[in-house]
Amino acid sequence: MRIAVTRRIPDAGLALLAEAAEVVVWPKSLPPNREELIGLTAGADGLLTLLTERVDGELLDAVPTVRAVSNMAVGYDNIDVEAATTRGVVVCITPDVLTETTADFTFALLLAVARRVKPAADAVLRGEWKTWEPLGFLGQDVYGSTLGIIGMGRIGQAVARRARGFAMTILYTDQAPRPEIENEVGARFVGIDQLLRESDVVSLHVPLTRETRKMIGAEQLRMMKRSAILINTARGGVIDTEALADALESGTIWAAGLDVTDPEPLPADHRLLRLPNVLVTPHIASASEVTRTRMARLAAENLLAALRGERPPRSINWEAVRGHAQS
Ligand code: GLV
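Conventions adopted
- Residues numbered from 1 in each chain as written.
- Predicted model: local features only at pLDDT ≥ 70, side-chain atom pairs only at ≥ 80, totals over all residues.
- Heavy atoms only, no water.
- Salt bridge = Lys/Arg side-chain N within 4 Å of Asp/Glu carboxyl O.
- Helix = DSSP H or I, 4+ residues; strand = E, 2+ residues; numbered from the N terminus.
- Buried < 20%, exposed > 50% of the residue type's maximum accessible area, 1.4 Å probe, protein only.
- Contact = heavy atoms within 4.5 Å.
- Domains from an automatic or database assignment.
- Buried area = accessible area lost by both parts, 1.4 Å probe.
- Near = heavy atom within 4 Å.
- Polar contact = N/O pair within 3.5 Å; in protein donor to acceptor, adjacent residues only side chain to side chain.
- Areas by Shrake-Rupley, 256 points an atom, 1.4 Å probe, with all protein chains shown as cover.
- Nonpolar A, V, L, I, M, F, W, Y, C, P; charged D, E, K, R; others polar.
- Pairing = 2+ DSSP bridges.
- Axes fitted to C-alpha atoms, helices over the stretch in contact; angles between N-to-C directions.

(A) Region of the structure containing the pattern of salt bridges. Applying the stated criterion to the full structure yields 22 salt bridges. In this structure, the salt-bridge partner of Glu184 is Arg161, at a minimum N-O distance of 2.8 Å. Linking Glu184 in helix H8 (residues 179-185) with Arg161 in helix H7 (residues 154-165), this pair joins segments that are 23 residues apart in sequence. A residue is classified by how much of its surface remains accessible, and Arg161, at 35% relative accessible area, is partly exposed. Between Glu242 and Arg271 there is a salt bridge, with the nearest N and O atoms lying 2.6 Å from each other.

Okay, structure coming up:
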């Protein structure tokens, strides 16, 4: 069996793969381009990808030996699942193992933005800490404020549980109310407009799909409070970047914390990065040592199971592929 891996991943995952297959790993830190990816994957039975690789019908047609693609991520907007299913290719992802780590980071961003941690620490580095200033770096209180969660899936719920410790009022919106979790996490279902109008912090936890692309645009930003903070640890494409930059520049909202951007990576000269009320991190919400190891191991287990013809622990089209094969 031959497996292609599109970047060096934690050793635990590579070791699992190496027990069962010949493994080729893309050696560079930047992603392979399309031609390089096809070259790396030629003749492989399985492909382990990251969210930086676009997997579509064209790629799968170029590497027809591939029977399974395992994405080391919970999000899979980089994969055309329908194209994979119709070609009999199993697609797997790594949910659950990163939920708590991502929720921790959502709070890290939220607290850092609300309390202006980055500009304050930068001022210290520049030697500007001369005295205790009654008016220096005034931020927004998180404790007791209202949090609006857009997308109450696994990560949204984990964020809500943390918010209870900060005595936050929690509003959420989703495709439908989720009464089974409302009591547990102490959240109230509202429509998106009400959520945007009433929240002090709006946090995004939806996948990137046709429906959610640019769901936060100029109109939605205008509904938010002028003191509001927008946090995105989901996917950059959920926000209209230019509309957000306008809103932050003009004071339509107070600040934003973005772990994901559109485009991604954000060019160093992008206008968003010149704004004092934006904190951008390089898509690191799941980046703890333990969690990245778990993600690598789960991605490897998924791939090996699929290649053995067994149900992978976390596949999104296993049944559909089998149904397709039988029809
Ligand atoms: C990271 O963004 C992931 O989807 O796992």
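Next, the rest of the story.
(B) Looking closely at the environment of Leu196. Its location among the elements puts Leu196 in helix H9 (residues 192-198). Exposure remark for Leu196: the relative accessible area of 0% places this residue in the buried category. What Leu196 contacts, discounting residues up to four positions off in sequence, is Ile150, Val202, Ile216, Gln220, Met223, Met224 and Lys225.

(C) Region of the structure containing the domain arrangement of the chain. You can read the domains of the chain as domain 1 (2-96 + 289-326) and domain 2 (99-280). Taking only C-alpha atoms, the centre of domain 1 and the centre of domain 2 are 32 Å apart. Contact with domain 1, which involves eight residues of that partner, is made by five residues of domain 2. At the boundary of domain 1 with domain 2, total buried surface from both sides reaches about 610 Å², with 40% on carbon and sulfur atoms.

(D) Spotlight on unusual backbone geometry. The step from Asp262 to Pro263 runs through a cis peptide bond, and the omega angle for that step is 10°. Looking at the element boundaries, Pro263 is found in the loop between strand E11 (255-258) and strand E12 (278-280). Look at the link from Glu264 to Pro265: it is a cis peptide, with omega at -5°. Relative to the helices and strands, Pro265 resides in the loop between E11 and E12.

(E) Examining the site of the ligand more closely. Around the ligand, the structure places Leu51, Ala73, Val74, Gly75, Leu98, Arg235 and His283. Measuring from an oxygen atom of the ligand, one finds a backbone N or O atom of Val74 at 2.8 Å. Within the side chain of Arg235, one N or O atom sits 2.7 Å away from an oxygen atom of the ligand. When the free accessible area of the ligand is taken as 190 Å², the share hidden by the protein chains comes to 89%. For the shell around the ligand, a count of residues per class yields four nonpolar, two polar and one charged.

(F) Quick peek at the side chain of Asn302. Assignment of secondary structure puts Asn302 in helix H12 (residues 289-307). Apart from residues no more than four positions distant in its own chain, Asn302 is found in contact with Ser70, Cys92, Ile93, Pro312, Pro313 and Arg314.

(G) Representation of the environment of Leu16. Looking at the secondary structure, you find Leu16 in helix H1 (residues 11-20). Overall, the relative accessible area of 22% leaves Leu16 in the partly exposed class. When the C-alpha positions of Leu16 and His205 are compared, they lie 31 Å apart, and in sequence the two are 189 residues distant. Apart from residues no more than four positions distant in its own chain, Leu16 is found in contact with Arg297, Ala300, Glu301 and Leu304.

(H) Region of the structure containing the sheet that holds strand E10 (residues 229-232). With parallel pairing, seven strands are arranged side by side in an open sheet as E8-E7-E6-E9-E10-E11-E12. Each having just a single partner strand, strand E8 (187-189) and E12 make up the two edges of the open sheet. Adjacent strand axes in the sheet meet at a mean angle of 15°, parallel and antiparallel pairs treated alike. One ladder, built from three bridges, connects strand E7 (residues 169-173) with E8; its direction is parallel. Across the sheet, Tyr172 pairs through a bridge with Phe189, a residue of E8. Sheet strands touched by helix H11 (residues 241-250): E10, E11 and E12. Its angle to E11, the strand with the most contacts, is close to 140°.

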